[in-house]
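Chain residues, written in single-letter form:
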Amino acid sequence: MKNWIWTIAALLCLVVLASATWAGQALLVKGMEAQKAGRNEEALKLLNAYIDKYPQVREARYYRGLALTGLGRHKEALDDVDMALADNPGNVNFLLAKGNILVALERRPEAILIYTQAMKCDPRNAEACKERGDCLAQEGQFAEAMADLNKAAGLAPKDPWVFNKRGMVWFCQGEYQKAVADFTAAIRLQPDLALSYFFRGNIYRHHLKEPEKAIADYRKGCKLGSSLCCGELEKMGVKPAAGSQ
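What you see as residue numbers is a count from 1 along each chain, following the sequence as written. Under the rules for a predicted model, residues below a pLDDT of 70 receive no local features and side-chain atom pairs below 80 are neither given nor counted, while totals for whole chains, interfaces and linings still include all residues. Side-chain numbers here rest on the full set of heavy atoms in the structure, without hydrogens or water.

A. Spatial organisation of the layout of surface pockets. We place a 1 Å grid over just the protein atoms. Points where a 1.4 Å probe fits but has no way out form a cavity, open points with protein on both sides within 12 Å along at least 5 of 7 lines form a pocket, and any residue with an atom within 4 Å of a point lines it. Grid points are joined across faces, edges and corners, and a volume is the space filled by probe spheres set on the points. When its volume is computed, the largest pocket comes out at roughly 170 Å³. Forming the walls of the largest pocket are Asp134, Ala137, Gln138, Trp161, Asn164, Lys165, Met168, Val169, Cys172, Leu195 and Phe199. What counts as a helix is a DSSP run of H or I of at least four residues, what counts as a strand is a run of E of at least two, and both are numbered from the N terminus. Taken together, the elements giving at least two residues each to the lining of the largest pocket come down to α7 (126-138), α9 (160-172) and α11 (194-206). Here the element with the most residues in the lining of the largest pocket is α9; it accounts for six residues. Under this grouping Gly is polar, as are all residues other than the nonpolar Ala, Val, Leu, Ile, Met, Phe, Trp, Tyr, Cys and Pro and the charged Asp, Glu, Lys and Arg. Here the lining of the largest pocket is built from residues that sort into seven nonpolar, two polar and two charged.

B. Focus on helix α8 (residues 142-155). To estimate the expected span of a helix, subtract one from its residue number and multiply by 1.5 Å. Its 14 residues give α8 an end-to-end C-alpha distance of 20 Å, which sits within 8% of 20 Å, the value for a rise of 1.5 Å per residue. Listed in full, the buried residues belonging to α8 are Ala145, Met146, Asp148, Leu149, Ala152 and Ala153. Across the axial projection of α8, the buried residues extend over an arc of 165°, all falling on one side. Opposite the buried face of α8, at more than 90 degrees from it, the exposed residues are Ala143 and Gly154. Note on contacts: a residue pair is in contact if any heavy atoms of the two residues lie within 4.5 Å. Looking at the buried positions of α8, the neighbouring elements they touch are α6 (108-121), α7 and α9. Each residue is placed in one exposure class: buried if its accessible area under a 1.4 Å probe, protein chains only, is under 20% of its type's maximum, exposed if it is over 50%, and partly exposed if it falls in between. Comment: arc refers to directions from the helix axis out to C-beta atoms.

C. Representation of the state of the cysteines. For the purposes of this analysis, a disulfide is any pair of cysteine sulfur atoms at a distance within 2.5 Å. Scanning the model with the defined rule gives one disulfide in all. Two residues, cysteine 222 and cysteine 230, share a disulfide whose sulfurs are 2.0 Å apart. On the sign convention where negative is left-handed, the bridge of cysteine 222 and cysteine 230, at about 95° about the S-S bond, is right-handed. Accessibility expressed as a relative area gives 1% for cysteine 222, which makes it buried. Take cysteine 230: its relative accessible area is 21%, and that puts it in the partly exposed class. Lacking any disulfide linkage, cysteine 229 is separated from the closest cysteine sulfur, that of cysteine 230, by 7.0 Å.

Right, here's the structure in full:
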């Protein structure tokens, strides 16, 4: 009789433990889903509750770091991502998150080192190439930036931001036709990328002296909701296209 009692008690304990574990996992999954959907406040509440119970789970800290980043709380995000990296320093996703946070904190030289580390872990990671290239350009290292962005273009030929960023590097070096070609490629890949219309319009207006093309780009960008493009039209005394936001 006693054996049956102990067996039943043990089974009940297992059920309770399994229920608690399942409830915890549900918090994590819901928190991750909320973050991926851009619901960062909701994600933060769920992940806080999970991490209070399971502080050692690094993936939870990574996703909480992403949620904090989305809320502009970059220093707290950096702490979480650093903790996630502590046990897994070669995790490329964690490294990319840290690099992006450092960029947001305007600590680009440090970000370059982190993106470099990510590229050593995964030499074919287009995101690391793209972001390091952008940082190098911001630091005035255009040749190195171009090398990274050329590699990124080869690895991710359908990523419009690779061409948008490379277009800016061409522009900074006075290579206006090449810049136009890259902004055009970015627009072809993502027709609602208003920033590329703005940059291409500026080149047409100020450097290639083609005001009609500039106006067409500004109107398109303005219609997509770009205040920068709308502002340029206002400066030129030109009305936005019908239906502009």
